[in-house]
Amino acid sequence: MLDRLQSVEDRYNRLNELLSDPDIISDNKKLREFSKEQSSIEETVQAYREYKEVVSQYKDAKAMLEDKLDDEMYAMVKEEMDELSTRKEELEALLKILLLPKDPNDDKNVIVEIRGAAGGDEAQLFAGDLYKMYSRFAEAQGWKTELIEATSTELGGYKEIIFSINGAGAYSKMKYENGAHRVQRVPQTESGGRIHTSTATVAVLPEAEEVEVEIHDKDIRVDTFTSSGPGGQSVNTTMSAVRLTHLPTGTVVSCQDEKSQIKNKEKAMKVLRARVYDKVQREVQAEYDQNRKLAVGTGDRSERIRTYNFPQSRVTDHRIGLTIQKLEQILQGKLDEVIDALIVEEQAEMMQNAEE
């Protein structure tokens, strides 16, 4: 482990030199690439440097015990050694985690797609609840959300809603929300007070940059049409809505949220690029499917991952068997307890696999 950490620190030092090189500074692509790499290993390097300092201080303190010390000084040095030993163990545990393979998409912004699934009107209302939950979670993280496309219903729910979340590490946390979310409650539309079970699906896609996925104009069919509201009613008479079809993959994206056709096309391209990037990634990594299923954050999107039980104010994440009685807080966007538990579980699985 120490050899690997020293290699990481050597690379960090080399990146410092490169980022001061006038040739690199004048090359935007390389500058961005090296800056990103340096940022990705900075936490590991800082922890390793502290670890080396703690080890050095521990050795110095141990050497002092060999000198003739009075009782008071001996006790002080022994206490310092105990504190340094505890910190050394903490740093060793942290460094093991920091050396685990990182998802290359973790630092990316995300495109989130929520769709009402089984349960009709109630499923679509629940899709709206999930959208509010993620919006509040993003706000608490200091991230920015932007609506891309929404197909709303007369009751206030969504058949489909697509939005982006921009912020440092957005994908690293939001990726765990991929899958089917189930709700158990008495619907607003139910007069008999019976509990219904409905589902909504969530897809979280890492936002792809143009350099990561190449989409040619000749491969895209662009259709324009008038925007419509709930129930298909026309909301304007201009051809501002845009539908993009990526012919090689059959991927279709529509956007009508903006009044400007140009802005709708820009938003649709962002989603199209993310979907094509996601599709390519999944195909390339198909041979690793069995290993991917071991990771709690990358399961099948049709898999039921979480249940929100209103009568008992209970939320259960089925991937790790976590149940907490904090439904209202979670719907208010306080998802950290659940996501942190998923991260810890995945890290534990990765460490176990690395040791086997």
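Higher on the page you've got the structure.
Residues numbered from 1 in each chain as written. Predicted model: local features only at pLDDT ≥ 70, side-chain atom pairs only at ≥ 80, totals over all residues. Heavy atoms only, no water.

Undergrad: Let's hear about the overall build of the chain: which residues, and what values?
TA: Regarding its fold elements, the chain presents 10 helices and 11 strands. Scored against the burial criterion, the 356 residues of the chain give a buried share of 39%. The long-range fraction of contacts in the chain, counting pairs at least 24 apart against all pairs at least 6 apart in sequence, stands at 62%. Surface accessibility of the chain: about 19,700 Å² in total, with carbon and sulfur atoms responsible for 47%. (Helix = DSSP H or I, 4+ residues; strand = E, 2+ residues; numbered from the N terminus. Buried < 20%, exposed > 50% of the residue type's maximum accessible area, 1.4 Å probe, protein only. Contact = heavy atoms within 4.5 Å. Areas by Shrake-Rupley, 256 points an atom, 1.4 Å probe, with all protein chains shown as cover.)

Undergrad: Help me get a handle on the side chain of Thr44, residues and values and all.
TA: Mapped onto the elements, Thr44 comes out in helix H3 (residues 28–64). Of the residues examined, Thr44 reaches a relative accessible area of 4% and is grouped as buried. The contacts of Thr44, once residues within four sequence positions are left out, are Leu5, Val8, Leu95, Leu98 and Lys102.

Undergrad: Explain a negative patch on the surface to me, and be specific about the residues and the numbers.
TA: A cluster of acidic residues, Glu53, Asp60, Glu79, Glu80 and Glu83, forms a negative patch on the protein surface. Residue assignment for the negative patch shows that the elements contributing at least two residues are H3 and helix H4 (71–98). For the negative patch, the element with the most residues is H4, which contributes 3 residues. The residue Glu80 is located in helix H4 in this model. Judged by relative accessible area, Glu80 falls into the partly exposed class, the value being 34%. (Patch = residues over 30% accessible without salt bridge, like charges linked within 9 Å, V, L, I, M, F, W, Y side chains within 5 Å. Salt bridge = Lys/Arg side-chain N within 4 Å of Asp/Glu carboxyl O. Lys, Arg positive; Asp, Glu negative; His and termini not counted. Charge placed at Lys NZ, Arg CZ, Asp CG, Glu CD.)

Undergrad: Describe in detail the sheet that holds strand E9 (residues 304–309), supporting the description with residues and values.
TA: Strand order in the open sheet formed by 8 strands is E2-E3-E1-E5-E4-E9-E10-E11, and the pairing between neighbours is mixed. Unpaired on one side and paired on the other, strand E2 (144–152) and strand E11 (322–324) mark the two borders of the sheet. Across the sheet, the mean angle separating the axes of adjacent strands is 15° when strand polarity is ignored. Relative to E11, strand E10 (residues 314–317) is paired through 3 bridges, and the arrangement is antiparallel. Among the inter-strand pairings, Thr316 is bridged to a residue of E11, identified as Thr323. (Pairing = 2+ DSSP bridges. Axes fitted to C-alpha atoms, helices over the stretch in contact; angles between N-to-C directions.)

Undergrad: Break down the nonpolar core for me, citing the residues and quoting the values.
TA: Within the largest apolar cluster, 34 residues are counted, with the highest numbers of intra-cluster contacts made by Ile114, Leu130, Tyr134, Ile165, Met174 and Tyr308. The set of elements that each furnish at least two residues to this core consists of strand E1 (110–116), helix H5 (121–141), strand E3 (158–166), helix H6 (170–174), strand E5 (196–206), helix H9 (327–331) and helix H10 (336–355). Take this core: its biggest share by element is 8 residues, from H5. When neighbours within four sequence positions are excluded, Ile114 is seen to be in contact with Ala127, Leu130, Tyr131, Tyr134, Lys159, Glu160, Ile161, Phe163, Thr201 and Val202. (Core = buried A, V, L, I, M, F, W, Y, C linked by side-chain atoms within 4.5 Å.)

Undergrad: Quick rundown of the packing of aromatic side chains? Include the residues and the values.
TA: Under the criterion given, the structure shown has 4 aromatic pairs. Ring geometry for Tyr131 versus Phe163: centroids 4.9 Å apart, planes at 70°, classification edge-to-face. A residue pair is termed long-range when its members are at least 10 positions apart, and Tyr131 in helix H5 and Phe163 in strand E3 qualify at 32 residues. Phe163 carries the same exposure label as Tyr131, and that label is buried. Plain terms: the ring middles of Phe137 and Trp143 are 5.7 Å apart, the flat faces sit at 85° to each other, and that makes the pair edge-to-face. This pair shows no difference in class: Phe137 is buried, exactly as Trp143 is. Through pairs of rings, three or more aromatic residues link up here, namely Tyr131, Tyr158 and Phe163. (Phe/Tyr/Trp six-rings, centres within 6.5 Å; stacked < 30°, edge-to-face > 60°.)

Undergrad: A description of unusual backbone geometry should follow, citing residues and the corresponding values.
TA: Its identity as a non-glycine residue notwithstanding, Ser313 has a phi of 50°, on the positive side. Among the structural elements, Ser313 can be located in the loop between E9 and E10.

Undergrad: If you had to explain the pattern of salt bridges to someone new, which residues and values would you point to?
TA: Overall, the coordinates contain 21 salt bridges when judged by the stated rule. Across the pair Glu17 and Arg14 runs a salt bridge, and its minimum N-O distance is 3.0 Å. Taken together, the residues Glu17 and Arg14, both in helix H1 (residues 2–18) and 3 residues apart, mark about one turn of the helix. When the shortest N-O distance is used, the salt bridge between Arg221 and Asp223 registers 3.3 Å. In this structure Arg221 comes out as partly exposed when scored by relative accessible area, which is 43%. What makes Asp223 partly exposed here is its relative accessible area of 23%. Here the salt bridges share partners, and the residues they tie into one network are Glu113, Arg115, Glu160 and Arg275.

Undergrad: Talk me through the pairing of E9; I want residue IDs and the actual numbers.
TA: Here E9 lies mainly inside the structure; 5 of its 6 residues are buried. Where strand E4 (residues 179–185) meets E9, 5 bridges bridge the pair, whose relative direction is parallel. In the sheet register, His181 faces E9, and the bridge partner there is Arg306. Sheet analysis places E9 next to E10, joined by 4 bridges and oriented antiparallel. Note on E10: the bridge partner recorded for Arg306 is Asp317. In this antiparallel pair of consecutive strands, E9 and E10, the connection spans 4 residues, and Ser313 shows a positive phi of 50°.

Undergrad: Help me get a handle on H1, residues and values and all.
TA: End to end, H1 covers 24 Å across 17 residues, agreeing with the expected 24 Å (1.5 Å per residue, within 8%). Listed as buried for H1 are Leu5, Val8, Glu9, Tyr12, Leu15 and Leu18. Against the buried residues of H1 lie helix H2 (22–25), H3 and H4. (Expected span 1.5 Å × (residues − 1).)

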